[in-house]
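Chain and residue survey
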Amino acid sequence: YVFVDIGLKNEAVINISEVKTETGELIVSEGDEIEALVESKTPSENLLLLSYRKVLEKKLREEIEKAYKEKGVIKIKPYLIVKGGYRVMYKDFLKGFMPFSQSYFRKRPENQKELLGKELEVFVLTIDKGNFIVSRRAYL
């Protein structure tokens, strides 16, 4: 757990998994001011359990929706090849999808792994039930 000073008599904690990226890097450091959501309170210990991920996820989804509505560009990183395309990560947190057909402009690369881990600028094609699909082709 990460202990958070909320300025009250109660102590507050966030599960450490909520402040780490998929690769295990910490998102926050000591002294950072963050927004968090109260998830529960333990009556016996007078301890508040907070969620940082839910607040961050909401902000990032709003950024993606804004880019979609305004036809703006976002930066993603493909991290996994799946059937039909790439799983992509937005700001090392939100997962999305980029079809193979939307990952190149004219000529399909011989090695599809060459895009893995690279930061790419893309347009958001669709948003559906929290999932998003992006296109590098439309950007290029």
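Figured I'd write up the structure that's included with this text. The residue count restarts for each chain, going from 1 along the sequence in the order it is written. A pLDDT threshold of at least 70 governs which residues receive local features in this predicted model, and a stricter bar of 80 or more applies before side-chain atom pairs are shown or counted, although totals over entire chains, interfaces and linings include all residues. Excluding hydrogens and water, the side-chain values take into account all heavy atoms of the structure.

**As for the environment of Arg-106**
Let me state the cut-off plainly: Strands here are runs of E lasting at least two residues and helices are runs of H or I lasting at least four, both read from the DSSP assignment and numbered beginning at the N terminus.
Tracing the chain through its elements places Arg-106 in the loop between strand S7 (94–99) and strand S8 (120–128). Taking the C-alpha atoms as reference, Arg-106 lies 21 Å from Lys-75; in sequence the two are 31 residues apart.

**Focus: the nonpolar core**
Note the threshold: Note on terminology: a nonpolar core comprises buried Ala, Val, Leu, Ile, Met, Phe, Trp, Tyr and Cys residues joined through side-chain atoms within 4.5 Å. The buried label goes to any residue with under 20% of its type's maximum accessible area, the exposed label to any with over 50%, and the partly exposed label to all in between, with areas taken from a 1.4 Å probe on protein chains only. Throughout, a contact is declared for two residues whenever any of their heavy atoms are within 4.5 Å.
Of all hydrophobic cores here, the largest spans 26 residues; its most connected members are Ile-74, Ile-76, Tyr-90, Phe-132 and Val-134. Sorting the residues of this core by element identifies strand S2 (11–14), strand S4 (47–51), helix H1 (53–70), strand S5 (73–82), strand S6 (85–90), S7, S8 and strand S9 (131–135) as the ones contributing at least two each. Per-element tally for this core: the top contributor is H1, with four residues. Ignoring sequence-local partners within four residues, the contact set of Phe-132 consists of Ile-64, Ile-74, Val-88, Tyr-90, Leu-94, Lys-95, Gly-96, Phe-97, Val-124, Thr-126 and Ile-127.

**Notes on the pairing of S6**
What counts is decided by this rule: Two strands are counted as paired when DSSP detects at least two bridges linking them.
By the criterion of burial, S6 is predominantly enclosed, with five of the six residues buried. Here six bridges tie S5 to S6, and the two strands are oriented antiparallel to one another. Across the sheet, Lys-77 pairs through a bridge with Met-89, a residue of S6. In this antiparallel pair of consecutive strands, S5 and S6, the connection spans two residues, and Gly-84 shows a positive phi of 90°. As paired strands, S6 and S7 are joined by six bridges and run antiparallel to one another. Looking at the pairing, Arg-87 lines up with Phe-97 of S7.

**Remarks on the packing of aromatic side chains**
The cut-off we apply is this: Classification of ring pairs uses Phe, Tyr and Trp, with its six-membered ring standing for Trp, and accepts pairs whose centres are within 6.5 Å; under 30 degrees between planes counts as stacked, over 60 as edge-to-face, and the remaining range as tilted.
With the rule as written, the count across this model stands at two aromatic pairs. With centroids separated by 5.2 Å and ring planes inclined at 80°, the aromatic side chains of Tyr-86 and Phe-100 adopt a geometry described as edge-to-face. You can see Tyr-86 sitting in strand S6 and its partner Phe-100 sitting in the loop between S7 and S8, a full 14 residues away along the chain. Taking relative accessible area as the criterion, Phe-100 reaches 11% and is therefore assigned buried. Ring geometry for Phe-123 against Tyr-139: centres 5.8 Å apart, planes inclined by 65°, an arrangement best described as edge-to-face.

**Section: the sheet that holds strand S1 (residues 2–4)**
Where strands meet in a sheet, backbone hydrogen bonds hold them as pairs that are either parallel or antiparallel. Going by this rule: Between N-to-C directions, angles cover 0 to 180 degrees, with each direction set by a line fitted to C-alpha atoms, over the stretch in contact for helices.
In space, the four strands of this open sheet follow the order S1-S2-S4-S3, with mixed pairing throughout. A single partner strand is all that each edge strand has here, and the edge strands are S1 and strand S3 (37–42). In this sheet, neighbouring strand axes are inclined to one another by 35° on average, regardless of whether the strands run parallel or antiparallel. Pairing between S1 and S2: three bridges, direction antiparallel.

**With respect to the environment of Asp-128**
One can find Asp-128 in strand S8. Asp-128 gets classed as partly exposed once you look at its relative accessible area, which sits at 49%. Along the sequence, Asp-128 and Gly-117 sit eleven residues apart, while their C-alpha atoms lie 25 Å from each other.

**Re the pattern of salt bridges**
For side chains bearing opposite charge, pairing can occur when the charged atoms are close. Basically, it comes down to this: For this document, the term salt bridge refers to a Lys or Arg side-chain nitrogen within 4 Å of an Asp or Glu carboxyl oxygen.
For the structure shown, the criterion picks out six salt bridges. The partner of Glu-35 in a salt bridge is Lys-59, and the shortest N-O contact between them spans 3.0 Å. Highlighted residues: Glu-35 in the loop between S2 and S3 and Lys-59 in helix H1, separated in sequence by 24 residues. Judged by its relative accessible area of 47%, Glu-35 falls in the partly exposed class. Two residues, Glu-57 and Arg-61, come together in a salt bridge whose shortest N-O distance is 3.3 Å.

Remember that the coordinates give geometry; whether it matters functionally is a separate question.
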